[in-house]
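Reading the structure
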Amino acid sequence: MSETLGQKAQIVAAGRSEQLLNIQALRFVAAFAVVVLHCSFYTAERLDPSLGIYALGASGVRLFFVISGFVMVASSHRLEGTPHGWRVFALKRVVRIVPMYWAITTVKLAMLLAVPAVVLHSHIDWPYIVKSYLFIPSLNKDGELHPLLGVGWTLNFEMFFYLLFTLALALKIAPLRLIAPVLVALSALSLVRTPGWPAPLQFWADPMVLDFLAGMLLAIALRRGIRVPQAAAWFCLLGGLAYLLLPLPRPAPYGTFLFSFACTIAATMAIAGAIELEEKIAGMLPKWVLFMGSVSYALYLIHPILAPVAPTLMKHFGLYLPVLAIAITIAIAIVGGIVAYMLVEQPLTRRMNDALRKRHLYAAVPPSPPAAVPSHATGGPD
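Summary of the structure given here.

Rules used in this analysis
- Along every chain, residues carry numbers that run from 1 in the direction the sequence is written.
- In keeping with the predicted nature of the model, local features appear solely for residues at pLDDT of at least 70, side-chain atom pairs appear and are counted solely at 80 or more, and the whole-chain, interface and lining totals rest on all residues.
- For side-chain calculations, the full set of non-hydrogen atoms in the structure is used, while hydrogens and water are omitted.
- Each helix corresponds to a stretch of at least 4 residues labelled H or I by DSSP, and each strand to a stretch of at least 2 residues labelled E; elements are numbered beginning at the N terminus.
- Note on method: radius of gyration uses C-alpha positions; expected globular size equals 2.2 Å times residues raised to 0.38.
- Whether two residues are in contact is decided by their heavy atoms, any of which lying within 4.5 Å being enough.
- To measure how exposed things are, a 1.4 Å probe is used in the Shrake-Rupley method; for residues, cover is taken only from the protein chains shown.
- We treat Lys and Arg as the positive residues and Asp and Glu as the negative residues; His and chain ends play no part in the count.
- One atom stands in for each charge, and that atom is NZ of Lys, CZ of Arg, CG of Asp or CD of Glu.
- Definition used for salt bridges: Asp or Glu carboxyl oxygen within 4 Å of a side-chain nitrogen of Lys or Arg.
- Using a grid of 1 Å spacing that covers the protein atoms alone, one calls a set of points a cavity when a 1.4 Å probe fits there but cannot get out, and a pocket when the set is open and has protein on both sides within 12 Å along at least five of seven lines; lining residues are those with an atom within 4 Å of a point.
- Grid points are joined across faces, edges and corners, and a volume is the space filled by probe spheres set on the points.
- Amino acids outside the nonpolar list (Ala, Val, Leu, Ile, Met, Phe, Trp, Tyr, Cys, Pro) and the charged list (Asp, Glu, Lys, Arg) are all regarded as polar, and Gly is one of them.
- Three exposure classes are used, based on accessible area relative to the maximum for each residue type with a 1.4 Å probe and protein chains only: buried under 20%, partly exposed in between, and exposed over 50%.
- Patch definition: residues above 30% relative accessible area lacking any salt bridge, with like charges linked at up to 9 Å and the nonpolar side chains Val, Leu, Ile, Met, Phe, Trp and Tyr linked at up to 5 Å.
- Note on geometry: axes are lines fitted to C-alpha atoms, helical ones only across the stretch in contact, with angles between N-to-C directions running from 0 to 180 degrees.
- Angles are sorted into four bins: roughly parallel if under 35 degrees, roughly antiparallel if over 145, roughly perpendicular if 65 to 115, and oblique for all others.
- For any pair of crossing helices, the crossing counts as left-handed if the nearer helix is rotated counterclockwise from the farther one by less than a right angle, and right-handed if it is rotated clockwise.
- For our purposes a nonpolar core is just a set of buried Ala, Val, Leu, Ile, Met, Phe, Trp, Tyr and Cys residues, chained together by side-chain atoms within 4.5 Å.

Attention now moves to the overall build of the chain. A tally of helices and strands in the chain yields 15 helices and 0 strands. Taken over C-alpha atoms, the radius of gyration comes to 23 Å for the chain, in line with the 21 Å a tight globule of 382 residues would show. The dimensions of the chain, computed from C-alpha atoms along their principal axes, are 90 × 55 × 45 Å. A sequence separation of at least 24 residues applies to 72% of the contacts in the chain between residues at least 6 apart. Carbon and sulfur atoms make up 70% of the accessible area of the chain, which amounts to about 18,100 Å² in all. Looking at charge distribution, the chain has the averaged site of its 28 positive side-chain charges lying 3 Å from that of its 17 negative ones.

Put into structure tokens, the structure is as follows:
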């Protein structure tokens, strides 16, 4: 079984049926938690200020980060030591992340330009907007290190991690050897950072970066045949998810190093348990859950644009029904995510991948030149 899991781990990001289906399901769980968070936030902000906000939904991001660290190591092992492995890795990450993010960010920008009053937490500041497109952390109008599309702050972490990974492949260094010291140093700097630091350093000096490292270590452990014991797998999966998403006691206040580290451990436990239980659970997962796992990125990006619609309209018509507003908002977000995935993300990604393959830019090793043909074989001069 460990060999099977190891093989699946190496292609978990390839988008084929052999991927780890439990991980695909957890992508949806993570995205849905964030959606519920923002649906409750916008309903409280625009309809009923007394409504509680599901702040624990932010923990879905921690699952995303650990999954990212795991997938990058598992899927890029064949690229290590190859001449163009760094280029293949970088291009695939750009194709996966950038087009959809830029598309939704442009929608947000268009809304800001056309109807500024609708967009409450952004303003026209072109240097800030350019940095948002380029994944450079910058302060918004509220003094927060969030890009124009607020949820894009997680992609600022992701792209930084991908940059480090690309650098390791380019230098032909084992990714863990280069990335681990950087992430550990940044997490340590979080203990002494101050508002006077440059915005990018303030942003990346966060203990949250250890999530990526934990995912990397998990993939390496799986490759070496180190697995969670079957008896502990259910505890890891359910216990990790419960700690992240339910109001359980925390070891320290939100925002502290200890709080973040506990979340890293919980997210890693959940992912490790899910991997070990692949053969037990994957076959029972409904197809719609796996489909929504594929939709999760589009859902994550587009839902903040759609979430204010229902509470704003309900307030306009005097319908102060916050629970109904949240339910409607979640439904709108899911439909919007599916539409964005099927009509924008899928075709756009497919076209870009096809174009890059035709140019042989996805080849980690340069194609061999055609064998030399003796001149006399072609009738040419000797």
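All right, on to the pattern of salt bridges then. The final tally for this structure, using the stated rule, is 6 salt bridges. A salt bridge links Asp206 to Arg193; the shortest N-O distance between them is 3.8 Å. Here Asp206 is found in the loop between helix H8 (199–204) and helix H9 (210–223), whereas its partner Arg193 is found in the loop between helix H7 (175–189) and H8, with 13 residues between them in sequence. Glu276 is paired through a salt bridge with Arg227; the nearest N and O atoms lie 2.9 Å apart. Of this pair, Glu276 sits in helix H11 (residues 257–276) while Arg227 is found in the loop between H9 and helix H10 (230–245), placing the two residues 49 residues apart along the sequence.

Turning our eyes to something else, we now look at empty space enclosed by the protein. Enumeration over the complete set of coordinates arrives at 2 cavities of 30 Å³ or more. Quantified by volume, the second largest cavity comes out at close to 40 Å³. Taken together, Tyr128, Lys131, Ser132, Ile136, Pro137, Ser138, Leu145, His146, Pro147 and Asn156 form the lining of the second largest cavity. Residue contributions to the lining of the second largest cavity peak at 3 residues, all from helix H5 (residues 126–133). Tallied by class, the residues present in the lining of the second largest cavity amount to 5 nonpolar, 4 polar and 1 charged.

Before going further, it helps to spend a moment on the environment of Ala298. Mapping Ala298 onto the fold places it in helix H13 (residues 287–306). On the basis of relative accessible area, Ala298 is assigned to the buried category, the value being 0%. The spacing of Ala298 and Glu345 is 47 residues in sequence and 7.2 Å in space, taken between C-alpha atoms. Filtering out sequence-adjacent residues up to four positions away, Ala298 remains in contact with Met100, Gly337, Ala340, Tyr341 and Glu345.

This paragraph deals with a nonpolar patch on the surface. Together, Phe291, Val335, Val339, Met342, Leu343, Val344, Leu348 and Met352 line one region of the surface with nonpolar side chains, adding up to about 650 Å² of accessible area. With respect to the helices and strands, the residue Val344 is situated in helix H15 (residues 322–358).

Another point: the side chain of Ser59. Along the chain, Ser59 turns up in the loop between helix H2 (21–46) and helix H3 (60–76). Those residues in contact with Ser59 that lie beyond four places of it in its chain are Leu244 and Leu245.

With that out of the way, let us pick up the packing of helix H14 (residues 309–316) against H15. Their axes nearest at 8 Å, the elements H14 and H15 cross at an angle of 140°. By the angle between their axes, H14 is oblique relative to H15. Relative to H15, H14 is oriented so that their crossing is right-handed. In this structure, H14 contributes Ala310, Pro311 and Met314 to the contact, and H15 contributes Leu324, Ala325, Ile328, Thr329 and Ile332. Residues of the contact of H14 with H15, tallied by class, amount to 7 nonpolar, 1 polar and no charged.

Grouped together as the largest cluster of nonpolar side chains are 107 residues, with contacts concentrated most on Phe70, Phe165, Ile271 and Leu301. The next biggest cluster of nonpolar side chains, apart from the first, holds 7 residues, and it includes Leu112, Val119, Tyr128 and Leu148.

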